[in-house]
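Architecture and fold: a report
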Amino acid sequence: MAVQLEFLKSIVYFSDLGLAELELIRELIFEKTVDRAEMVLPEGEPATNLYFVASGVVQVFKTSAEGKEQILSIVRPGESFNDVPIFDGGLNPASARAMGPVILYGIKKNDMEAMLVDHPKIALNVIKVLASRVRHLLSLVEDLSFKHVIGRVAKILLEHIGDETGRGPRLTQQEMAAMAGTAREVVGRSLKTLEEEGAIKFDRHRIIITDKEMLQKVIEAPS
Amino acid sequence: MTEMPVINPDKCDGCGLCVGVCHNNALALVNNVITIIATVECDWCTDCEAVCLMGAISCPFEIIIQES
């Protein structure tokens, strides 16, 4: 698949650039195809290329020492990932995995650096992208550090139990996130933790409360 | 009847991201609108819901208490 100029224009890094500049960038971009569930970047490894998603979706996540995953972001077409190590020279701060078949556009770190020197407009665009990334991560940090989200999720579950026929209000993770005042990623992690602790279990489209008392304790736990 | 993710065709912009992330191949674009094609294959991973920016597909959970 040839790199399309129209697509390059849709990438925030390259917005507001002229045709000649886009042609130069196109020369530097290479394509990489990734299969479903394939690891694109492992956390802690040196970063050599900046990637943009051309098609498909990539999940960026961190893994704890106990093997628990926290999703940091979902990267859709036109968006980039692993920007930070490209610009600060450090290691990959998070891992990235393909959620389905994915085509990536890559650009080598050295080429990106040269581009920033030659095209200040790109540097300004990079600042905008990084600033919005910081804003998103700060909001996630706030949710994960200061809010007792797991207690709120437990409360939402208890408040929305279906009646004896099993039919009650049905909730998506997005709706639970809105109710708990947090991000969908944090609700996903909370539900997984409640499952690991034995308070709930998943049965396809059902969340089965297996230990109501435990949920109550989670709600009452100090934040 | 097997419960399936709920699709709002009016919100679907036909981007197809959900088709790509469905590891059970339960979704397809038909006339540029997302459609469920394999009714028994969905395992409710909710990835389709997570990637949809338009909110066109949702995977709502029923919450029940385990019979003791």
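Refer to the structure printed above.
An account of the accompanying structure is given in this report. The shown structure was predicted, so the numbers you read here are calculated from the model rather than taken from an experiment.

What counts and what doesn't
Residues numbered from 1 in each chain as written. Chains lettered and ligands numbered in written order. Predicted model: local features only at pLDDT ≥ 70, side-chain atom pairs only at ≥ 80, totals over all residues. Helix = DSSP H or I, 4+ residues; strand = E, 2+ residues; numbered from the N terminus. Buried ≥ 20, exposed ≤ 12 C-beta atoms within 10 Å, placed from the backbone. Contact = placed C-beta atoms within 7 Å. Pairing = 2+ DSSP bridges. Axes fitted to C-alpha atoms, helices over the stretch in contact; angles between N-to-C directions. Parallel < 35°, antiparallel > 145°, perpendicular 65-115°, else oblique. Nonpolar A, V, L, I, M, F, W, Y, C, P; charged D, E, K, R; others polar.

What to know about the overall build of chain A
- When helices and strands are tallied, chain A shows nine helices and 10 strands.
- Across the 223 residues that make up chain A, the buried fraction comes to 30%.
- In chain A, of all internal contacts separated by at least 6 residues, the share reaching a separation of at least 24 is 65%.

Structural notes on the environment of G198 of chain A
Residue and element names in this part refer to chain A.
- Mapped onto the secondary structure, G198 falls in the loop between α8 (184–196) and β9 (200–203).
- Once the C-alpha coordinates of G198 and P120 are considered, the two residues, 78 residues apart in sequence, prove to be 54 Å apart.
- Once residues lying within four places of it in the same chain are set aside, the contact partners of G198 are T210, D211 and M214.

A closer look at unusual backbone geometry
All names here are of chain B.
- Phi at N31 takes a positive value of approximately 55°, unusual for a residue other than glycine.
- Its place among the elements puts N31 in the loop between β2 (27–30) and β3 (33–36).
- Of note in this structure, N32 is not a glycine but carries a positive phi near 65°.
- Position of N32 relative to the elements: it lies in the loop between β2 and β3.
- Taking the C-beta count within 10 Å as the criterion, N32 has 11 such neighbours and is therefore assigned exposed.

Let's talk about the sheet that holds strand β6 (residues 80–81) of chain A
Residue and element names in this part refer to chain A.
- A sheet is described by the order of its strands in space; here four strands give the open sequence β1-β8-β3-β6, paired in antiparallel fashion. The strands lining the two open edges of the sheet, one partner per strand, are β1 (30–34) and β6.
- Sheet analysis places strand β3 (residues 49–55) next to β6, joined by two bridges and oriented antiparallel. Counted as the bridge partner of Y51 is F81 from β6.
- Sheet contacts for helix α4 (residues 109–118): β3 and β8 (102–108); angle to β8, the most-contacted strand, approximately 65°.

A short note on the packing of helix α6 (residues 149–159) of chain A against α8 of chain A
All names here are of chain A.
- Relative orientation of the contacting elements α6 and α8 amounts to 75°, with a least axis distance of 9 Å. With respect to their mutual orientation, α6 and α8 come out roughly perpendicular. Of the residues in α8, those touching α6 at V149, I150, V153 and A154 are V186, V187, S190, L191, T193 and L194.
- Broken down by class, the residue content of the contact of α6 with α8 amounts to eight nonpolar, two polar and no charged.

None of this, on its own, says anything about what the molecule does.
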